Amino acid sequence: MTTAPWRDPALPAAARVADLLSRMTLEEKTAQLYGVWVGAATDGDGVAPHQHDMTADHADDYDELITRGLGQLTRSFGSAPVDPALGARALALAQRRIAAAGRFGIPAVAHEECLAGFTAWRATAYPVPLAWGAAFDPPLVEEMGRAIGRDLRAVGVHQGLAPVLDVVRDPRWGRVEETIGEDPYLVGTVGTAYVRGLESAGIVATLKHFAGYASSVGARNLAPVRAGTREFADVTLPPFEMALREGGARSVMAAYTERDGVPASADPELLTRLLREEWGFTGTVVADYFGIGFLQTLHRVAGTPAEAAHLALAAGIDVELPTVKYYGEALVTAVRAGELPEELVDRAAHRVLLQKCELGLLDEDWRPEPETAGPVDLDPPANRALARRLAEESVVLLDNPDDLLPLAPDTRVAVVGPRAADPLAMLGCYSFPSHVLTHHPEVDPGISIPTLLESLRAELPDAKVTFTEGCGVSDPDPSGFTEAIARASEADVCVAVLGDRAGLFGRGTSGEGCDVTDLNLPGVQNELLDALVATGVPVVLVLLTGRPYALGRWHGRLGAVVQAFFPGEEGGPAVAGVLSGRVNPSGRLPVSVPHLPGGQPWTYLQPPLGLAGEVSNLDPTPLYPFGHGRSYTAFAWEDFSGPDAEIGTDGSYDLSVTVRNTGGRAGAEVVQLYLHDPVASVTRPDVRLIGYQRLELAAGGSARVTFRFHADLSAFTDRAGRRVVEPGALELRLGTSSGQARETARVRLTGPVREVGAERRLHCDVEASRN
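So, unusual backbone geometry
Here is step 1 of the chain: The step from Leu321 to Pro322 runs through a cis peptide bond, and the omega angle for that step is 5°.
Here is step 2 of the chain: Its location among the elements puts Pro322 in the loop between α13 (305-315) and α14 (329-336).
Here is step 3 of the chain: Put simply, Leu405 and Pro406 share a cis peptide bond, and its omega is -5°.
Here is step 4 of the chain: Within the fold, Pro406 resides in the loop between β10 (396-399) and β11 (412-416).
Here is step 5 of the chain: The phi angle at Leu222 is positive, at roughly 70°, despite the residue not being glycine.
Here is step 6 of the chain: Relative to the helices and strands, Leu222 resides in the loop between β5 (204-210) and α9 (229-236).
Here is step 7 of the chain: Of note in the backbone geometry, Asp403 takes a positive phi value of approximately 55° without being a glycine.
Here is step 8 of the chain: Relative to the helices and strands, Asp403 is located in the loop between β10 and β11.
Here is step 9 of the chain: The class for Asp403 is exposed, based on a relative accessible area of 61%.

Pasting the structure below:
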């Protein structure tokens with residue numbers, strides 16, 4: 001029998017929460033608004049800058065804190081190597097302790113990072129999000145999200161801090177590897193698929209970083225954002241809106257950055273008016289780690305902890321993460337002194353408790369123990385198979401001019417480069433081995449991560465494969481060049497494996513806080529590649545990176561170029577499979593690859609003045625454009641149907657093409673639909689992606705693909721700040737990349753300018769039927 005209305009599952013959640021709030025003291029309500037990072041280092045040697053400053057005050061008063069209740073538990077698995085089964089039991093005990101300590105017996109929401117898999121010891125390390133974008137395969141990403149969600153649930157976690165929906169604006173930014181790409185439609189559709197997967201497993205997906213984080217000046221982490229109103233509305237925001245409306249994400253993380261002088265964490269226009277009033281979001285907004293404190297310490301828009309708490313609460317941040325400092329005693333004191341209205345506390349507590357109610361944490365029959373007892377396997381064969389599929393689909397064959405690839409099975413191969421024999425070459429900065437185990441060098445990775453070298457030897461057992469590193473990833477020592485040149489000179493082909501080392505805050509060449517001044521390969525890798533090319537032996541360049549690097553220096557001088565964006569624990573076999581021919585490459589670039597290392601920032605979403613022209617001697621045209629990728633088979637596009645037409649500014653239009661695999665083996669083509677708007681009331685990108693379809697075709701097989709364009713997809717933000725569909729001529733271009741159109745349909749929109757809002761179409765419906 002229930003003891004209070006808030007415990008009654010038959011009542012509406014809002015009624016239950018209202019009853020509970022009416023019974024709580026101010027201290028108990030504020031306790032629901034913060035987390036505690038019990039595993040955080042307080043010795044100054046944490047994973048993030050400012051961690052020591054922000055966690056030290058509450059290192060010793062946990063027992064007293066939880067008597068008031070607790071909103072969140074921070075990264076029980078993601079702070080140190082913890083056996084999954086033992087960790088699950090420890091988390092359950094911690095939840096029972098929290099529930100027993102407070103008057104109401106309410107457990108905490110346990111959250112973890114899950115950017116490219118559950119960031120926990122012995123958990124599957126999937127390809128990074130930039131590789132998801134390269135796969136152009138939302139259903140597969142959704143399947144991965146569901147698998148990650150199941151693993152989180154299996155050990156008692158409720159909330160995942162992913163996906164990252166920032167759109168790349170400058171590839172020098174360290175966190176490019178965490179993004180899905182440089183196009184908002186690709187980011188939105190793939191990110192939404194991940195959200196659907198995570199949420200379908202019962203995990204609260206957290207969209208980050210809201211909003212504008214990737215547009216920081218000079219590609220510096222946390223630098224000010226100078227994006228204009230229309231760039232912000234038309235490039236930055238659409239992926240978030242799509243993931244909320246179509247993915248059902250239940251949480252949003254406020255960005256660290258500021259835009260035009262207003263930090264996102266103190267911006268009610270962003271976190272309340274837009275997010276809640278216009279978009280209808282009803283979930284929770286959480287602070288990025290220490291983000292509320294940064295209002296005082298970094299942004300300097302608050303003079304005291306109470307002022308920072310007031311700004312954040314008023315803007316719409318419901319939960320302070322990762323640990324309590326600003327929403328604790330400072331907040332209570334300010335409310336009692338009349339400096340901060342208690343209604344703001346009640347508003348945030350209502351949202352937090354409503355989510356806990358939805359998760360079953362207010363029910364009398366709640367139990368913290370995992371549903372299954374015994375060993376917990378966070379890297380089962382099914383996960384590894386899924387990681388392998390996504391890795392294989394994400395590898396991009398940039399060039400293969402003389403069909404040097406696939407490699408002959410009995411050839412002599414010199415493998416050279418600092419990324420060939422290092423397992424960590426496969427992993428991004430938010431993988432557990434790169435993120436946490438660098439602080440625990442005595443602990444094994446907990447998962448098998450085959451290197452490219454050992455994978456290639458397994459793929460080509462009859463080949464003679466030699467290896468030398470040649471140089472380090474980022475050090476300036478060229479002393480290994482002599483041996484590298486000797487090994488290459490003895491071989492039929494040289495496979496140069498170059499790229500990044502993921503890390504955090506300057507401890508890597510890619511990752512959070514690992515920003516770069518230009519797009520040269522790190523260290524002396526450029527010079528190593530020069531030396532290998534000079535031998536005259538054909539060189540296959542394999543890049544294992546977290547961002548694109550400038551490759552124009554070697555254009556026309558390489559036998560082949562293969563790009564993989566931190567492809568995860570199964571990335572070695574995936575890339576080796578492409579080199580051997582077992583895998584037919586099908587990845588497409590989610591970011592452009594530039595000719596030259598300078599002249600950035602540049603993405604393909606450029607208006608006319610951003611393109612090459614006679615007014616400047618600098619040509620920003622990429623070497624390989626967004627959407628580019630080659631295959632070992634060939635595809636013919638036939639029977640295009642896209643007649644000239646007129647439709648209303650609220651109308652729709654179909655265009656179709658048949659794609660036939662004319663080669664001798666199965667492969668995948670990615671048909672991409674781009675919009676070109678010749679004349680508009682504000683400048684528009686020359687082309688932008690509005691639809692795509694990945695087609696898996698057997699040799700000789702074909703499929704007809706139909707794109708159902710709606711006029712809403714042409715909408716943009718006008719001079720008055722309205723999102724509008726304007727009448728006029730449009731071109732719909734079907735192509736294999738942003739730089740190569742195969743077919744063009746000309747459509748004229750007629751009628752009045754139409755203002756559109758939350759009801760507008762966000763994606764292009766696509767139908768594919770096999771012939």
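Overview of the packing of helix α8 (residues 184-200) against helix α10 (residues 238-245)
Here is step 1 of the chain: α10 packs onto α8 with a crossing angle of 30° between their chain directions and a minimal axis gap of 8 Å. Between α8 and α10, the angle falls in the class roughly parallel. Here α8 and α10 pass one another in a crossing that is right-handed. Between α8 and α10, the contacting residues are Pro184, Tyr185, Val187, Gly188, Thr189, Thr192 and Val195 on the first element and Pro239, Met242 and Ala243 on the second.

Digging into the environment of Arg487
Here is step 1 of the chain: Structurally, Arg487 is set in helix α19 (residues 481-489).
Here is step 2 of the chain: For Arg487, a relative accessible area of 21% corresponds to the partly exposed category.
Here is step 3 of the chain: Here the alpha-carbon distance between Arg487 and Thr468, two residues 19 residues apart in the chain, equals 7.6 Å.
Here is step 4 of the chain: In this structure, Arg487 is in contact with Ala414, Thr466 and Thr468, ignoring residues within four places of it in sequence.

Quick notes on the side chain of Glu392
Here is step 1 of the chain: Position of Glu392 among the secondary structure elements: in helix α16 (residues 381-394).
Here is step 2 of the chain: Glu392 sits in the buried class, given a relative accessible area of 17%.
Here is step 3 of the chain: When sequence neighbours within four positions are dropped, the list of residues in contact with Glu392 reads Ala574, Arg582 and Val583.

What to know about the side chain of Arg547
Here is step 1 of the chain: Mapped onto the secondary structure, Arg547 falls in the loop between β14 (539-545) and β15 (560-565).
Here is step 2 of the chain: Here Arg547 sits buried without a salt bridge, and the closest side chain of opposite charge, Asp500, lies 4.2 Å off (N-O distance).
Here is step 3 of the chain: There is a polar contact of 3.2 Å between the side chain of Arg547 and the backbone oxygen of Arg172.

Concerning the packing of α19 against helix α20 (residues 525-534)
Here is step 1 of the chain: Direction vectors running N to C along α19 and α20 enclose 35°, while the axes themselves pass 9 Å from each other. In terms of crossing hand, the pair formed by α19 and α20 is right-handed. Here α19 contributes Phe481, Ala484, Ile485 and Ala488 to the contact with α20, which in turn contributes Glu527, Leu528, Ala531 and Leu532.
Here is step 2 of the chain: Across the contact of α19 with α20, the residue classes tally to 7 nonpolar, no polar and 1 charged.

Focus: the pattern of salt bridges
Here is step 1 of the chain: Under the definition given, this model contains 50 salt bridges.
Here is step 2 of the chain: For Arg23, the salt bridge is made with Asp19, and the minimal N-O distance between the two is 3.0 Å. Placement of the pair is Arg23 and Asp19 together in helix α1 (residues 13-23), with a separation of 4 residues, close to one helical turn.
Here is step 3 of the chain: Classification of Arg23 by relative accessible area gives partly exposed; the value is 38%.
Here is step 4 of the chain: Accessibility expressed as a relative area gives 15% for Asp19, which makes it buried.
Here is step 5 of the chain: A salt bridge links Arg96 to Glu369, with the shortest nitrogen-to-oxygen separation between them at 2.8 Å. Here the residue Arg96 occupies a position in helix α5 (residues 84-101), and Glu369 occupies one in the loop between α15 (342-358) and α16, the gap between them amounting to 273 residues.
Here is step 6 of the chain: Note on Arg96: relative accessible area 37%, which makes it partly exposed.
Here is step 7 of the chain: Members of the salt-bridge network, linked through shared partners, are Asp379, Arg384, Arg388, Glu392, Glu459, Glu569, Glu570 and Arg582.

Regarding α16
One turn of the α-helix equals 3.6 residues, which is why residues spaced by three or four share an orientation.
Here is step 1 of the chain: Its 14 residues give α16 an end-to-end C-alpha distance of 20 Å, which sits within 8% of 20 Å, the value for a rise of 1.5 Å per residue.
Here is step 2 of the chain: Those residues of α16 lying buried are Asn383, Arg384, Leu386, Ala387, Leu390, Ala391, Glu392, Glu393 and Ser394.
Here is step 3 of the chain: In this structure, the buried side of α16 is in contact with α6 (129-135), α7 (138-154), β10, β15, α21 (571-580) and β20 (688-697).

Describing the sheet that holds strand β3 (residues 109-113)
Here is step 1 of the chain: Reading across the sheet, the 7 strands line up as β1-β2-β3-β4-β5-β6-β9 and stay open at both edges, with parallel pairing between neighbours. The sheet is open, and its two edges are formed by β1 (35-36) and β9 (284-287), each paired on a single side.
Here is step 2 of the chain: In the sheet, strand β6 (residues 251-254) pairs with β9 via 4 bridges, with the strands oriented parallel. Along β9, the bridge assignment pairs Ala254 with Ala287.

Quick word on the confidence of the model for the chain
Here is step 1 of the chain: Confidence in the prediction for the chain averages 95 pLDDT; 96% of positions are at 70 or higher.
Here is step 2 of the chain: Taken together, the stretch residues 40-48 has pLDDT below 50 and engages in 22 contacts with residues farther than four places along the chain or on a different chain.

Here's the deal with the nonpolar core
The nonpolar side chains of a soluble globular protein tend to be buried with one another.
Here is step 1 of the chain: Core analysis: the biggest nonpolar cluster contains 205 residues, and Phe210, Tyr327, Leu551 and Leu732 have the highest contact counts within it.
Here is step 2 of the chain: In terms of residues, this core owes the most to one element, α15, which gives 8 residues.
Here is step 3 of the chain: Ignoring any residue separated from it by four or fewer positions in sequence, one finds Tyr327 in contact with Thr30, Leu33, Tyr34, Ile292, Ala309, Ala312, Leu313, Ile317, Asp318, Val319 and Glu320.
Here is step 4 of the chain: Residues Val413, Val493, Val497 and Ala564 belong to the second largest nonpolar core, which totals 34 residues.

Brief notes about the environment of Leu321
Here is step 1 of the chain: One can find Leu321 in the loop between α13 and α14.
Here is step 2 of the chain: Overall, Leu321 belongs to the buried group, its relative accessible area being 2%.
Here is step 3 of the chain: Residues Leu321 and Leu33, 288 residues apart in the sequence, show an inter-C-alpha distance of 8.9 Å.
Here is step 4 of the chain: Non-local contacts of Leu321, meaning those with residues more than four positions away in its chain, are made with Gly35, Gln72, Thr74, His111, Val286, Ala287, Asp288, Tyr289 and Phe290.

Section: the packing of aromatic side chains
Here is step 1 of the chain: Counted by the stated rule, this structure contains 16 aromatic pairs.
Here is step 2 of the chain: Aromatic pair Tyr185 and Tyr692: ring centres 6.1 Å apart, planes at 85°, arrangement edge-to-face. Of the two residues, Tyr185 is situated in helix α8 and Tyr692 in strand β20; the sequence distance between them amounts to 507 residues. The pair formed by Tyr185 and Tyr692 is uniform in burial state, with each residue classed as buried.
Here is step 3 of the chain: An aromatic cluster is present here, built from Trp37, Trp173, Tyr213, Tyr256, Tyr289, Phe290 and Phe294 joined pairwise through their rings.
Here is step 4 of the chain: The ring of Tyr430 carries Lys208 above its face, with NZ or CZ at 5.6 Å from the centroid.
Here is step 5 of the chain: The ring of Trp637 carries the charged tip of Arg742 above its face, separated from the ring centre by 4.8 Å.

Reading the values: rules and limits
- Residues numbered from 1 in each chain as written.
- Predicted model: local features only at pLDDT ≥ 70, side-chain atom pairs only at ≥ 80, totals over all residues.
- Heavy atoms only, no water.
- Helix = DSSP H or I, 4+ residues; strand = E, 2+ residues; numbered from the N terminus.
- Buried < 20%, exposed > 50% of the residue type's maximum accessible area, 1.4 Å probe, protein only.
- Axes fitted to C-alpha atoms, helices over the stretch in contact; angles between N-to-C directions.
- Parallel < 35°, antiparallel > 145°, perpendicular 65-115°, else oblique.
- Left-handed = near helix turned anticlockwise from the far one by under 90°.
- Contact = heavy atoms within 4.5 Å.
- Lys, Arg positive; Asp, Glu negative; His and termini not counted.
- Salt bridge = Lys/Arg side-chain N within 4 Å of Asp/Glu carboxyl O.
- Polar contact = N/O pair within 3.5 Å; in protein donor to acceptor, adjacent residues only side chain to side chain.
- Nonpolar A, V, L, I, M, F, W, Y, C, P; charged D, E, K, R; others polar.
- Expected span 1.5 Å × (residues − 1).
- Pairing = 2+ DSSP bridges.
- pLDDT = per-residue confidence, 0-100.
- Core = buried A, V, L, I, M, F, W, Y, C linked by side-chain atoms within 4.5 Å.
- Phe/Tyr/Trp six-rings, centres within 6.5 Å; stacked < 30°, edge-to-face > 60°.
- Lys NZ or Arg CZ within 6 Å of the ring centre and 35° of its normal.

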